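# Chain and residue survey
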Amino acid sequence: QVQLVESGGGLVQAGGSLRLSCAASGRTIRMYPMAWFRQVPGKEREFVAAIHWSGGVTDYADSVKGRFTISRDNAKNTVYLQMNSLKPEDTAVYYCAAKTTGWAIGRTSNEYDYWGQGTQVTVSS
C-alpha cells in the first residue's frame, strides 16, 4: 500500500505561484511514474503533469506547459508541482497519483493506482 498526502495548496492571486508537495509513505515510490491531476466540481478529473520514475521524462497538459514544473526527490519519497503564472482557470482540487504497473508515464486517471486526498488551489482574479 502507498499513502499519498498532498500539501501546499491555498489562495493566490492571478500571476502568483504555489508549490505543491506529495509525500508518500508505506512504500517507496522511487520506481513508480507519478502524476498530478486536478478536478473542479461537475467535471472529470484532468491530467496536469507526469514524471518518469527516473525524473528524466516529463509530460504536461497543454494548458499548463511552460508554467508548471513537475519534479521528484526519490530520497525524500516526494513529488512536487511548481505552479507559476497562475490563472483563475487553474482553480481546482489537485491530486497526486502513483502508477504501480508499467514503466511509462500516462495521462489517464485509470492508469494510476494510488491517490492522495487532494489539496485545494484557488486563484483569484
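Residues numbered from 1 in each chain as written. Predicted model: local features only at pLDDT ≥ 70, side-chain atom pairs only at ≥ 80, totals over all residues. Heavy atoms only, no water.

### Structural notes on the pairing of strand β5 (residues 46–51)
Short version of the rule: The rule is simple: take the accessible area with a 1.4 Å probe, protein chains only, and divide by the maximum for that residue type; under 20% is buried, over 50% is exposed, in between is partly exposed. The helix count covers DSSP runs of H or I at least four residues long, the strand count covers runs of E at least two residues long, and both are numbered beginning at the N terminus. For two strands to be treated as a pair, DSSP must find no fewer than two bridges joining them.
Along β5, five of the six residues are buried, which leaves the element largely enclosed by surrounding structure. In this structure, strand β4 (residues 34–39) lies alongside β5, joined through five bridges in antiparallel fashion. Across the sheet, residue A35 finds its bridge partner in β5, namely A50. In this structure, the hairpin formed by β4 and β5 is closed by a connection of six residues, where G42 is found at a positive phi of approximately 85°. As paired strands, β5 and strand β6 (residues 58–60) are joined by three bridges and run antiparallel to one another. Directly across from I51, in β6, lies its bridge partner T58. If you look at the hairpin formed by β5 and β6, you'll find six residues sitting between the two strands, and G55 has a positive phi there, around 85°.

### Thoughts on the sheet that holds strand β3 (residues 18–25)
Formally: Angular values range over 0 to 180 degrees, each being the angle between N-to-C directions of two axes fitted as lines to C-alpha atoms, with helices fitted over their stretch in contact.
Spatially, the four strands line up as an open sheet ordered β1-β3-β8-β7, and their pairing is antiparallel. Each edge of the open sheet is held by one strand with a lone partner, namely β1 (3–7) and β7 (68–73). When the angles between neighbouring strand axes are averaged without regard to direction, this sheet yields 15°. Pairing between β1 and β3: five bridges, direction antiparallel. If you follow S7 over to β3, its bridge partner there is S21.

### Side note on the nonpolar core
For clarity, the threshold we go by: In this description, a nonpolar core means a group of buried Ala, Val, Leu, Ile, Met, Phe, Trp, Tyr and Cys residues linked to one another through side-chain atoms lying within 4.5 Å.
Counting residues in each nonpolar core, the largest one holds 36 residues, and the members touching the most others are L4, M34, W36, L81, M83 and Y94. Mapped by element, the contributors of at least two residues to this core are β3, β4, β5, β7, β8 (78–83), β9 (92–98) and β11 (119–124).

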